[in-house]
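Chain and residue survey
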Amino acid sequence: MANINSVTGAIDSTQLGPTLTHEHLRVRSVEVATQFPHLYDRNEELQLAKEQVLAVRQAGIQTICDPSVMGQDRDVLFMKEVSECTGVTIIAATGMYTCRDLPEPLRNKSIDYIAELFIRDIEVGIQNTEIKAGFIKCATDVQGITPDVEKIIRAAARAHRRTGVPIMTHTHAASRNGLDQLDLLEDEGVTARAVVIGHSGDTHDMDYLSQLLNRHAYLGIDRFGLSVGISNQERPAMLLKLIRQGCHRQLLVSQDYCGTIDWWERGEVRSFAPDWSMTHLTRDVFPYIMEQGVAPDILSEIMVNNVREWFEHAANGNY
Ligand SMILES: [Zn+2]
C-alpha cells in the first residue's frame, strides 16, 4: 500500500479503483492566457471539464491522473473544483513540460534547485495551496535529450527518490527516446518500475517496446482517439497485440484527452479526432477488445492493479 496525494487530500493506493492515468482537464498557454485573457472563458472551460469527468464517472472510472504541469498552465484549484463537483478523484502532477528549453528564470539553476521545486509541490503544496502533487511529469520530444531536458529528467529522478512518488514521461516514440529517458533515470538510481514511458502506443516498433518492457518500465498506451504516430483505427489492434504477447501487467491505458486545449479551434479538433473523448476507451475500445476475447479480468488488472502497483513500486523503492 502507498499513500497518494489527490487534489482533495491523501488516499491510499487501494482506493484508486479504475483509473485513467493520462487525461488533461484543461491545457492552456499561460503566456497567451495572461496577456490576452479575453480569448478564454474559465467558466466554460470548467463546464466542459466537468461534463467529461461526469461521463467518465458514469462509465465506472473512479480516478484520473492529470499530468498538466508548467508549460500547460496547471491550475490545481480548477482540478479541485472538478473533483469536488463530480466525485472523481483527481491526482495532480508536478514537473515541467518543455521539449527543448527551460524558461530564463530556471536556465542557470542547478538540477537540485529544480528538484526542490518538485519536492515542494509534493510535500508542501502547489501554487501556494495545500494541494499536493501525486506524481512527476517530464518530457522529451523530437528534439531528443537537450541539455535542459536532461536537467528536468534528472531533477524528476531526485524528487522521486526523495518523496517516493512515481514518474510519467512524454516521449516521441518514433525517436525511441523512452530508452534515453530510462538511461538518465536509472543513472540517478530510479527503478524503472516507478516509471511510465508515456505515448509508447504511438509506434509499431515492437523492438523498441520490448526493450522498454524488458527494462521493467510501464508503457503508457495513452492516446486513444488521436492519430499521432499511428492512426486511431490501429490503436485497439495494437493494444490487443500487446495483451496477447502477455505484457498486460506493464500497460497503462488512457486518452490524453484535454477538456479544452487552446492549440486548435474546437471545431478543428473534432474534424481531425472525431472519437477523441475521456470515454472513448470505455465506450468503444474496451467492448471491441472484449469481443476479441480479452477477459474483463485483464482489463481490470490494467485499469486498477497496474496503476496501484506503479504508485506502490515508486513508494517502496528502498532508496
Ligand atoms: Zn498529455
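Our subject is the structure listed above.
These numbers come from a predicted model, not from an experiment. (Residues numbered from 1 in each chain as written. Predicted model: local features only at pLDDT ≥ 70, side-chain atom pairs only at ≥ 80, totals over all residues. Heavy atoms only, no water.)

1. Regarding the sheet that holds strand β5 (residues 89-95)
How we decide: Here a strand pair is declared whenever DSSP counts at least two bridges between the two strands. Numbering goes from the N terminus for both helices and strands, where a helix is a DSSP run of H or I of at least four residues and a strand is a run of E of at least two.
As summarised here, the arrangement of the 8 strands in space is β3-β4-β5-β6-β7-β8-β9-β10, forming an open sheet in which the pairing is parallel. Two strands bound the open sheet, and with one partner strand each, they are β3 (19-20) and β10 (251-253). Here β3 runs beside strand β4 (residues 63-66); their pairing, made up of 2 bridges, is parallel. Counterpart to L20 in the pairing with β4 is I64.

2. Notes on the coordination of the zinc ion
Convention followed: Here a donor is an N, O or S atom found within 2.8 Å of the metal, or within 3.2 Å if the metal is Na, K or Ca; sites may look incomplete because water is not among the atoms. Each residue gets one of three labels from its accessible area relative to the maximum for its type: buried under 20%, exposed over 50%, partly exposed in between, using a 1.4 Å probe on protein chains only.
Taken together, the protein ligands of the zinc ion are H22 (NE2), H24 (NE2) and D256 (OD), with distances of 2.1 to 2.2 Å. Positions of the donor residues of the zinc ion along the chain correspond to the pattern H-x1-H-x231-D. Taken together, the positions of H22 in the loop between β3 and α1 (30-35) and D256 in the loop between β10 and α10 (266-272) put the pair 234 residues apart, joining distant regions of the chain. For the residue pair H22 and D256, the accessibility class agrees, reading buried in each case.

3. Description of helix α2 (residues 42-58)
Note the cut-off: Expected helix span is computed as 1.5 Å times (number of residues minus one). Note that the arc is computed from the directions linking the helix axis to the C-beta atoms. Contacts are residue-level and defined by heavy atoms, with any inter-residue pair within 4.5 Å sufficient.
Taking 1.5 Å as the rise per residue, α2 with 17 residues should run 24 Å; its terminal C-alpha atoms sit 24 Å apart, in good agreement. Taken together, the buried positions of α2 are E45, L46, A49, K50, Q52, V53 and V56. Each buried residue of α2 lies within a common arc of 170° when the element is viewed along its axis, so the set occupies one face. What points out from α2, more than 90 degrees from its buried face, is the exposed set N43 and Q58. Those residues of α2 that are buried lie in contact with β3, β4 and α3 (76-86).

4. What about the side chain of N232?
Basically, it comes down to this: Nitrogen and oxygen atoms within 3.5 Å of one another constitute a polar contact, given that in protein one can donate a hydrogen and the other can accept it, and given that sequence-neighbouring residues count only through two side-chain atoms.
Assignment of secondary structure puts N232 in the loop between β9 (218-221) and α9 (235-244). With a relative accessible area of 7%, N232 lands in the buried category. For N232, the side chain forms a polar contact with the side chain of H280, separated by 3.4 Å. Residues within four places of N232 in sequence aside, it is in contact with F224, G225, L226, S227, D275 and H280.

5. A few points about empty space enclosed by the protein
Going by this rule: A cavity here means a set of points on a 1 Å grid, drawn over the protein atoms and nothing else, where a 1.4 Å probe fits but cannot get out; a pocket is an open set with protein on both sides within 12 Å along at least five of seven lines, and a residue lines either one if it has an atom within 4 Å of a point. Grid points are joined across faces, edges and corners, and a volume is the space filled by probe spheres set on the points.
Applying the stated criterion across every chain, the model contains 1 cavity of 30 Å³ or more. What the largest cavity holds in volume is close to 40 Å³. Lining the largest cavity we find L25, R26, D66, S68, D73, R74, D75, F78 and M79.

6. Thoughts on the side chain of R223
With respect to the element layout, R223 can be found in the loop between β9 and α9. R223 has contacts with H170, H199, D202, V228, R235, S254, Q255 and D256, leaving out every residue within four places of it along the chain.

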